[in-house]
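Residue-level listing of the chains:
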Amino acid sequence: MSPKTLYDKIWDAHVAHQAEDGTCLLYIDRHLVHEVTSPQAFEGLRMTSRTVRAPEKTIAVPDHNVPTTAGRDVHIDNEESRIQVDALDRNAKDFGIHYYPVSDVRQGIVHIVGPEQGWTLPGMTVVCGDSHTATHGAFGALAHGIGTSEVEHVLATQTLIQKKSKNMKVEITGHLRTGVTAKDITLSVIGRTGTAGGTGYVIEYCGTAIQELSMEGRMTVCNMAIEGGAKAGLIAPDEKTFDYVRGRPNAPKGAQWEAALAWWKTLSSDADAHWDKVVTIRGEDIAPVVTWGTSPEDVLPITGSVPAPESFHGGKVDAAKRSLDYMGLEPGMALKDIKIDAVFIGSCTNGRIEDLRAAAEVLKGKKMAPGVRGMVVPGSGLVRLQAEQEGIAQVFIDAGFEWRLAGCSMCLAMNPDQLAPGERCAATSNRNFEGRQGRGGRTHLMSPAMAAAAAVTGHLTDVREMM
Amino acid sequence: MDAFTTLSGIAAPMPLVNIDTDMIIPKQYLKTIKRTGLGVALFDEMRYNTDGSEKPEFVLNQPQYRKAQILVAGDNFGCGSSREHAPWALADFGIKAVISTSFADIFFNNCFKNGILPVVLPEPDRDACMQDAEKGANSRIEIDLGAQTITLSDGQVITFQIDQFRKHCLLNGLDDIGLTMEKAASIAAFEEKAAQTRPWV
Ligand code: SF4
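Just so you know, these numbers come straight off a predicted model, no measurement behind them.

(A) Just the overall build of chain B, in detail. A tally of regular secondary structure across chain B gives 8 helices and 7 strands. Of the contacts made within chain B by residues no fewer than 6 positions apart, 64% connect residues no fewer than 24 positions apart. Taken as two groups, the 19 positive and 26 negative side-chain charges of chain B have centres that lie 5 Å from each other.

In structure tokens, the structure reads:
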């Protein structure tokens, strides 16, 4: 048998039909659904009198536009948001799919709930009408975002029409230095390859620095594969993966667990597998980074300074000018001199317990700088509960942060959590696009520890100086 | 879905690279539970001031481009979120084709589901389209999907590549779900086999 990559192996195990031109029907093991990209899909089913083919493989949770303040289970003020959440409630009930309503402590961001509840397992195909579905690749699951028409397609047929992507290996060798995290890895990779560098590829992240990451860290890395343009990000499952999955509510048990484990252990790329593209970065060369512009590829070490647009090539020159204008920055300015107004800790990139611990570690016994407002939004109700039990919530509250209920919140600002025009935010989310966190809002992406450091000093800060 | 065969229309130039889905349609418009009516919100933040008035400098607000049916765009168009609201808004505005050197994967897929043709060209060919588009309303670009050609206003013909299955679906306005349902037996057979080999799923 010819050598295969991890992607090849998962792909091959899910082809339900292959046409002569290579177009495949890929079988989908898990379909995650949220309130924003699904109403039109369910409506489509109703209009054509179709049903959900495999409701037991479909999981829904509202997250994108739910408020993160108390009382939301009783009433949501914004009428359009309320209609979307009500529609999801109804659709979940009508079509008989698993559902975590806002009143359920397990509710949270769909990409945090899936792994937490054991819906995401190694070797699966996982899709969701959301680009950050890539997150689930941390388990060695082939996971990617789809549009609403495809949501309807998966609901109706449990398959997707797909052509295979190319294989790309991103290897992070060696070890990370102190103060450097999974977020710095994933941002640094995008800084190197650009936002279109992964287009047409499925990335497998490997190397010692990746192996040494916790499951939370691996999810952070895979989460942003999409920001690098890739179809999906993957990490081969290992003992850490199995330990994370074992005992989760929907993970296999007993003999099924043993059978699953036996297969999962075969899920790694063969040594002589073919790669269409390889990127190698030394773990030791990665520094804590921040973004300065309005594209996730605008990444620099915190020790750097704002670049001059002329230092780029082609269309990027104008894009960089536009970015700097939008961000209100001057070339040559030290990144550490950039003052911030707000801090957002949360999102499917960095809203897990380990992220909150890392931020709290920096904040412990300290206060937020005067004039800065901060918001912590746990990725799920269970993360929130755990953080409260560990005393982390109190650290945030004592530092002056707002301690919120779970949801996407200010990652995309569809709910009331938004930046004001011109407001500048240190954010642990994944997109710094114009207007992403509120019209005119300015976003600098970074790790939770870096965001906490910025909260304390009031400007972008090298967290290593506070350790 | 509407079929796409040939198109002769005004092309609007948008040379900016990395035009993301948040620029194409910002999140406040994602709260709809319908697919229609999003054209007015297309490129909202580039197109309108905060008071709702138009920004005259934005390309689609200029008289010669108000009826544009084709966009010629900078690299990596449609990067970002999976929101199908982006092609819905383009389609509702009247855009039927987008020409660029590269597209983000999910956006690219979403276009085909909505009768929009995304054309990938090498940089020099895209730049030729861009120059033509910059001439304004007098320059109409012709796209022939069957022949896989783009004809510029000066008669220059550019050929493009496209996946044959997608071409077939677009030319005939075929509904993917219907096509897949015809393969229900294959899906059922797969499920039966998977129940044996991976019963824990
Ligand atoms: S947290 Fe942000 S990126 Fe993640 S699913 Fe929600 S909106 Fe999308």
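(B) Spatial organisation of the packing of aromatic side chains. What the rule picks out here adds up to 17 aromatic pairs over all chains. Summarising the aromatic geometry, the rings of tyrosine 7 of chain A and tryptophan 11 of chain A are spaced 6.1 Å apart at their centres and angled 65 degrees between planes, so their arrangement reads as edge-to-face. In this pair, tyrosine 7 of chain A and tryptophan 11 of chain A are both assigned in helix 1 (residues 6-12), 4 residues apart and thus about one turn of the helix distant. The burial state of tyrosine 7 of chain A is the same as that of tryptophan 11 of chain A; both residues are buried. With centroids separated by 6.0 Å and ring planes inclined at 20 degrees, the aromatic side chains of phenylalanine 242 of chain A and tryptophan 264 of chain A adopt a geometry described as stacked. Here phenylalanine 242 of chain A, found in helix 9 (residues 239-245), pairs with tryptophan 264 of chain A, found in helix 10 (residues 254-264); they are 22 residues apart in sequence, far enough to count as distant. Both residues of the pair, phenylalanine 242 of chain A and tryptophan 264 of chain A, belong to the buried class. Through a chain of ring-to-ring contacts, three or more aromatic side chains come together here, namely Phe242, Trp257, Trp263 and Trp264 of chain A together with Trp200 of chain B. The ring of tyrosine 244 of chain A has arginine 248 of chain A sitting right over it, with the charged end atom 3.8 Å from the ring centre. Over the ring of phenylalanine 312 of chain A we find lysine 316 of chain A, and its NZ or CZ is 5.9 Å from the ring centre.

(C) A look at the environment of glycine 155 of chain B. Residues and elements named next belong to chain B. On the secondary structure map, glycine 155 appears in the loop between strand 6 (149-151) and strand 7 (157-159). Among the residues examined, glycine 155 registers a relative accessible area of 43% and is labelled partly exposed. The spacing of glycine 155 and tyrosine 65 is 90 residues in sequence and 21 Å in space, taken between C-alpha atoms.

(D) Here's a closer look at helix 5 (residues 148-157) of chain A. For helix 5 of chain A, the tally of buried residues reaches 10 of 10 residues, placing the bulk of the element in the interior. Taken as a whole, helix 5 of chain A has its buried residues at Thr148, Ser149, Glu150, Val151, Glu152, His153, Val154, Leu155, Ala156 and Thr157 of chain A.

(E) Representation of the pattern of salt bridges in the model. Tallying each qualifying case throughout the model produces 37 salt bridges over all chains. One salt bridge in this structure joins arginine 464 of chain A and aspartate 462 of chain A, with 2.9 Å as the shortest N-O distance. It is possible to trace a salt-bridge network through shared partners that takes in Asp21 and Lys163 of chain A together with Asp163 of chain B.

Rules used throughout
- Residues numbered from 1 in each chain as written.
- Chains lettered and ligands numbered in written order.
- Predicted model: local features only at pLDDT ≥ 70, side-chain atom pairs only at ≥ 80, totals over all residues.
- Heavy atoms only, no water.
- Helix = DSSP H or I, 4+ residues; strand = E, 2+ residues; numbered from the N terminus.
- Contact = heavy atoms within 4.5 Å.
- Lys, Arg positive; Asp, Glu negative; His and termini not counted.
- Charge placed at Lys NZ, Arg CZ, Asp CG, Glu CD.
- Phe/Tyr/Trp six-rings, centres within 6.5 Å; stacked < 30°, edge-to-face > 60°.
- Buried < 20%, exposed > 50% of the residue type's maximum accessible area, 1.4 Å probe, protein only.
- Lys NZ or Arg CZ within 6 Å of the ring centre and 35° of its normal.
- Salt bridge = Lys/Arg side-chain N within 4 Å of Asp/Glu carboxyl O.

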